[in-house]
Every structure is written in C-alpha cells, then in structure tokens.
Amino acid sequence: MTLFLQFFLTGIVTGSFLILATIGFSFTRRVEGFLNIAHAELLGVSAFTTWGLNVLLGWHVVAAAIAGIVFTAFLGLAIGRIVYDPIRRLGPSVLLITSVGVAYAIGGTVDALVGTGIRTLDIPLATSYRFAGLRITDYQMIVVAFAVIATGALALFLNKTSMGLAIRAISANPELAASRGIDVKSTSRITWLISSGLAGLAGVMLAVVATLSTDIAFHQILQILAVAILAGLGSLYAVIAAGLIVGVAMDVSVFWIPAGYRPLIAFAVVILVLLFRPEGLAGRKSR
Amino acid sequence: MTFSSLILTTLTFGAMFSVLTLSLNLQYARGGMINFGTVAYFASGAYAYAIFTQDPPSGLDQYAFGLGLPWYVGFLAAGVASLLFALITGWPTLRLRGEYLALTTFAFAEVLHSFLLNERRIGNGSVGLSNVERPDPALIGVNDMLAYAIAAVALMLMTAFFFHRLLNSPFGRTVDAVHDDETAAQAIGKDGARIRLQVFVLSAIPIGFAGALYAMITTLVAPAMFTAELTFFVWIALALGGQKTILGAILGTLALVFFQEAVGAIPFESVRAAQIAASVEEVVTGILFIIVLRWQPWERFSRRTKA
Amino acid sequence: MSEIVLSVEKVVKQFTGLRAVGGADGLSFSVRRGDFLGLIGPNGAGKSTTFNLISGVLKPTEGKVSLNGTDLSGLRAQEIAGMGLGRTFQTPRAFPSLGVLDNIMVGAQNPNEGPITALLGSWRGGDAKLRERAESSLERVGLIDRRHDLVANLSGGELRMLEVARQLIRAPRILLLDEPTAGVDPSLQVRLTGLLRDLHEAGTTLIVVEHNLTFLFDLADRIVVLQNGGLLAEGEPEAVRRDPVVVSAYLGSENEA
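Quick notes on the rules
- Residues numbered from 1 in each chain as written.
- Chains lettered and ligands numbered in written order.
- Predicted model: local features only at pLDDT ≥ 70, side-chain atom pairs only at ≥ 80, totals over all residues.
- Helix = DSSP H or I, 4+ residues; strand = E, 2+ residues; numbered from the N terminus.
- Rg over C-alpha atoms; globule rule 2.2 N^0.38 Å.
- Buried ≥ 20, exposed ≤ 12 C-beta atoms within 10 Å, placed from the backbone.
- Contact = placed C-beta atoms within 7 Å.
- Nonpolar A, V, L, I, M, F, W, Y, C, P; charged D, E, K, R; others polar.
- Pairing = 2+ DSSP bridges.
- Right-handed = clockwise from strand over helix to strand, strands pointing away.

Q: Even after reading the chapter, I still don't get the overall build of chain C, so can you show me in this structure?
A: In terms of regular secondary structure, chain C is built from ten helices and eleven strands. Since a compact globule built from 257 residues should have a radius of gyration of about 18 Å, the 19 Å found for chain C is in line with a globular shape. In terms of overall dimensions, chain C has C-alpha extents of about 60 × 40 × 40 Å along its principal axes. In chain C, buried positions account for 46% of the 257 residues. Of the contacts made within chain C by residues no fewer than 6 positions apart, 68% connect residues no fewer than 24 positions apart.

Q: Please clarify how the interface of chain A and chain B should be interpreted in this entry.
A: For an interface, size is often stated in terms of accessible area lost upon the parts coming together. Contact residues are listed per partner, giving 37 residues for chain A and 34 residues for chain B. Elements with a contribution of two residues or more to the side of chain A that touches chain B: helix H4 (92–114), helix H9 (216–231) and helix H11 (262–276) of chain A. Top contributing element to the side of chain A that touches chain B by residue count: H4(A), with 16 residues. Split into classes, the residues belonging to the side of chain A that touches chain B amount to 27 nonpolar, nine polar and one charged.

Q: Whenever I open this one, the interface of chain B and chain C confuses me. Can you help?
A: Contact with chain B, which involves 27 residues of that partner, is made by 34 residues of chain C. With eight residues, the single largest contributor to the side of chain B that touches chain C is helix H6 (residues 170–180) of chain B. In the side of chain B that touches chain C, the residues fall into nine nonpolar, eight polar and ten charged.

Q: Even after reading the chapter, I still don't get the pairing of strand E9 (residues 205–209) of chain C, so can you show me in this structure?
A: Both faces of the sheet carry side chains from a regular strand, because those side chains alternate between them. All names here are of chain C. Most of E9 sits out of view: five of its five residues are buried. What you see with E9 is no split at all: Thr205, Ile207 and Val209 on one side and Leu206 and Val208 on the other are buried throughout. Direction of pairing for strand E8 (residues 174–178) relative to E9: parallel, over a ladder of five bridges. For isoleucine 174, the partnering residue across the bridge sits in E9 and is threonine 205. Handedness of the E8-helix H7 (residues 186–202)-E9 crossover: right-handed.

Here it is, written out as structure tokens:
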C-alpha cells in the first residue's frame, strides 16, 4: 500500500510537470488554432540553454534558468511570427505538418550545438524528505510548487486582465473577437510569449529533476499530446485535471505493468480519448 | 564509399522508401488522410518477414516465435501483417479527420514500437533478430547489391503501377469525389468512411513488402530501425517531390535519400564532426520542409484541378 | 390515391439557441408517391434544414422521418441515398477534381466501383455503357457540349444543372431539389421545367424548394409553406397563393416571384 501511495505521489509530481509542459501547448491550440508539435522541442531549448549557462559558463542556476526561459519565450515568438503567421490561412492540418518541420529544425540545432551524451545541471544533490513512510525530494516539491504558481498566475491573468480577457475572447470565437476591435496581432504575440515561456519553465524543471539527453524533448511530445487531448479545448482547469490524471496513471501503472511500458499509458490515453470522447474532459465540441 | 556504390545505395533505399512515399501520396493527396504512423506498417512487414523465416528458438534465444519458412512465404506474410495492422488501426480511427487522425496513427505506431522494444518474446526486444534469412543472389551469379537494387526498383514500379490502376478507375472517381466533398458524395450513396478504409488498407500492403525487403537487405530487424523519424522522412520526401504525381513522389524520395547518403559518405575527421553533420542535415531537412509547405501546398497538397 | 412515400412526423431540430425546425409542435407533413410537392417560405424558414433532416445530413432532435415506411433515425446519409432518395444542395456541390462527364459518371450506382475491380481492370466494359448514360443525362439538362470541360469553367446555374444531371443518372424514386432555378438563365430554366414535368409524369416523387413561385406553382401539385421552422399553410398552389396568412408572411420578407 505504501508503495502504491509512493507511486501516487511521484505521479503528482509527474502530473505537475506535465501541466507546466502542456498549458502552453493548449494555449497555442486555443488561440492560434493548431497543434504545435514543435512545442516539445522548446523544452529542450530551455533545458539546454540553462545547462549551457549554468555548467559551461558557471552562472548561478537561477540566473541561468531565467535567461533560459526568457530566451525560449522570445524564440517561440519569433517562430510564431516568421513561420506560422504567414501560413495560418492554409488551415490547421498544414500548420500541424509544418510544425513537424520546425521540430526537426529546432531539434537538429540543439543536437548540433550540444552533441550526444548525458548532461546534468550543476546544482546541489536533491534532499529527500520523509513523511508517513513516503519520500519526496526538494526538487520534486519545487516542480509542484511552480505548477501551482504558474496555473494560479495564468488564471488571474486570464480572468482579471484585459489582455487575458482578449485572449479568451479570441479562443472562443476569432472572427467575432476581431470584429469587436480586439487587436488580434498583439494578442497573438502575447500568446506566443506566454506559451513559449511556460515551455521554458517546464524545460528548466526537466533539467532540475531529470538527466538531459538531446532526444528528451521528443519523448515529451506524446505525453503532452495525451494531456492536451484529454483536457480538450476547454479551460485551464481541464489541463490541470488531465495533467494530474495522466501523470498519476503513468506512475501508478508501474505497479501492474513493466516499467518499459510507462510511456504507453500516454499513447493509450490519446487513442482512447480520440475514439470515445474526442472533445476531452472540457466537453465542448471543436470550433 | 565509391560513387557507384553511392548511386546503387541511393537507388536501392530510394526505391524502397519510394514505396512508402507512394502510399502516403495515395492516402493524403487522394484520400485526404494524414498518416503519421507510416513506420508501423513498415515495421510490421519487416518483423513478420523475420519471424516467419527465422529458425525456431533454441538455447539462449529469447524470442519465442520463429517459423523457419522460405523467404517467399515470409514476403507474403509481410504484406498480410501490414494489411492487418492497417485494418485494426484504421477501422476505428478513419472517421476522425485531419489532425486527430494524425495523432492516433502516430500513437498506434508508438504503441507498436514500445511493444517491440519491450516484449522479448517477439523478436528479442531491443536487440532484434539478426542473420535474417534472405535469398542469395550469388546462387544465380548476380552481384548482391545489384540484385537487391533491382528488386527494390521492381517493387517500386509494381506499386506505382497498381496504384495508378487503382485510381484511374471508377473507384478512383469515387475516392476523388469523397475527398472533394463528402456530403455531396453521400448524396449519391458513397460511404466515405468505407472508401477511406479501403484506400488506407490497400496502400499499406506494399509498405509491408518494402519492410520485408528492408529486412532482407540489412539482415537485421530491431526496434531502433523503426522510429517516427522514418515516418517524417517519408513526409518530407512527399513534400519535396510535390504530391500531384507518382513521379514526384519517387523523385522526392530519391533526392532525399541521396542527400542523406551523400552526407553520410563524407569522411569526417572525428565522431563529433560526423554528429554535427547529421544534425545540420536534420536542420536543413526541417527548414526545407517548412519552405516547401509554405510555397507549394495549394498547388501540391490538394489535387484540385484535373488537366 | 397512392401510398405515402415520405412522412415527416413532429420533427424538431434544435441548435444551441435556435430552434431551426419544429415551430410550436414539431413539423409534420407527408408526401405521396408521384406527388410534386413545393416547399416554400421566407429566408430562414428552415427549408434547407428540412431537406438536411430528410436526407440524413442532420439528425432530428425530436420526431422521426420515414421513407417507404422505414424509420430513417438510425441511418446515415449515404444509406438513405441508397434507398432511392436523391437531393441537390442549396449551394451547388460539384467535384472539382473530376471533369464534367466524370462528375455525372460517379453518380451512378456502379457495381464496378470497388477497389478489387479497379485493380483487375474489369470495369472497362461497364464504363463504356456508363459513359453513354452520363451523356444522355447531360443532354437532358442541356450540358452535353460541356462534357469535356472542367467544373471550374461552369457558371453557377450550370453547376446546378450538373447536380441535377448527377441525380438523373441514379434514377431516384424520390428527388429533393433545393432552389434549382437560382442563377439559372431563362433558356435553361425552360429546359428544367420540361425536365421536371417529364420526371413527374414518369412517376418520380419530387419535393422542390423554391423562391421562384411562378416557376413552382406551374408545376407543383401541392405546396407546403414554412415559417420560422413551423408549418404555416399547406394546400393546392392557387389556394396557398391567395391565403392571406401566406401573403403577409411573404410581404414581410423578400418575394422573388
């Protein structure tokens, strides 16, 4: 039983990470209207930028992380404006396929600059805390903390600021929003910055709790897709719920099936949701 | 690698992968289906071939199945395996459109990959099956590389021929009609989902055969050989060649294979340099893909006007 | 009196915030075999939606539609079409990838349509006969000279006639036409009138949505008038034309008689 609870606990951590990794992706889906496969690669960019500044240049990890996140945010914005904006009229399918090309380009660049091999950040070893027979490390708690802070901040932003409301209006009905005078262009820019920045944050979290290799970003995409699809087109809360469900399901599954199949849970989620309830938890049919 | 062997390798693998590109052409350009799981049909064929022709397990072997049958039985089994996989994964999913179909096909391919990687009883897990049985051209006095190059080209030509025949027919008219306007096609009694399934399953069969050929050429099947990278490679080849024509699909594939083989053939001074070259290749391919998609799609990605 | 071939019983179609079809009590009317029914009403009355409900493109929220006594609830549009029901659309739908002749040929119920037949090549004999039938359909709608043309070169009115020709080759027992004269020039319209008369005489059941009341009242046996998704009036053309309720409904909106 304790073992089960331990897996459940790590599942919450995994889920928190997935929430961070997926909110940005969901955001792009709702506002820009397509599934951006390259989103996962931004995690790699952020993780390795942070690593580069921290390990190669000796920066303090927090400074490196902030720089990494900011860089990733602006990279995402640049790509959004240069690559995706000009072809938006071609439809979500073409954008999806194009994002594969973008993923290749980003992934290849990271590969070329970083090379193969395992990398870790220059940070103190994790400290484990025990309670009620369960273990958790300080870094794992940081991941959960950031997930809470980020979702909280985002919820405030979407509900209380005019830009946030503009974003919600556009994701509900772009034509109507544009005709009501909402500045679609600058809203789009803010969206790219926020979603790429969140990807950056997720990448930093990845660097903190996991060891880095250049293919790590690609492995995340299916899990991100699983969470995004389970959440559906709806609210932030759906992403939170979906992230936790997938995270816990993946980690708890080790109780019953061999660990090698852990990623399979994500795939199974994608398939089952699309077959039986394509609108996801949020329940709204696609626009 | 000498220039002539570079040409031969390009021809062999180019022709073989062209079969995949042709299938994608059929599925996407004519059928309107986005298949991001192409590698899975290829892997099904390759593994089926290997399992059917491999001698039964003995001693320390971890795999459980090996039927020890002749190569032509294995070859047929490869086509059937691919057909079955397409049928099982296609039937529930083809009613999904566009991006969602892309995701489910991708997910199914990853499921297969995970399965092959983890189940030791099927083909030794991550280690794979080596020393795969294959017909030996030396027996009829033909150079090995040449013989398989000819086999690959033959498979490609036959696939092109059958696809052409499939589409220049009443069935082809129906496929185009359903793709153009499914509601209007329903008004004349055409079942879009059924048509798409037929296209999907039929186009998967040659991919299975190509997989068998791949196993014969490399005498090895292992999960690492069948990753999503291959699926996207074929997509990029499709885009480069333009999808309007069968010839385009073939040329695009040959060009991309040549590019990759040529880069691979450059003698680099260090492992690191070779890695960088491979990465740069990845970047260039990605950028090329983006460029082609931006400036070609309305011409190439939708077969709208017929001359 | 012939038997009822199509029955619409208390049908309602509810979209979020809009009751497109149904009126107060659900929409009900029936059509007998061989009838020529005209379906009219101001814009937004629910005429095309009703067609969509009959042909299976939409499913009723309440009520049921029956064809030849069979409840259409569980059936998909292509199955309903297979039962002998044909329809054209408010905005003509042609297949741009196919040429004009192919657009007609694809309409026929063709036993040689399958993939295996395609691979074997055994469809060629049948296709020659099919071409003849397609050409005769094109002749009946006056498009025979355009048979080698691209769909893109056809005008809106010609596309409408193309759709009609595509339905003709199927010889449906009941044919739904959605605004067949819209954008059609007068000479083609004369041909269309003759064509519909021929079909009517041959026993095809016809339901026609039209705004061109002169054209319609000349041909139809009965008229059904819709307004806001509900049945406003029904009866013979002359009676409906003079019904004050109908007149005021029409004078309240556009009338292109």
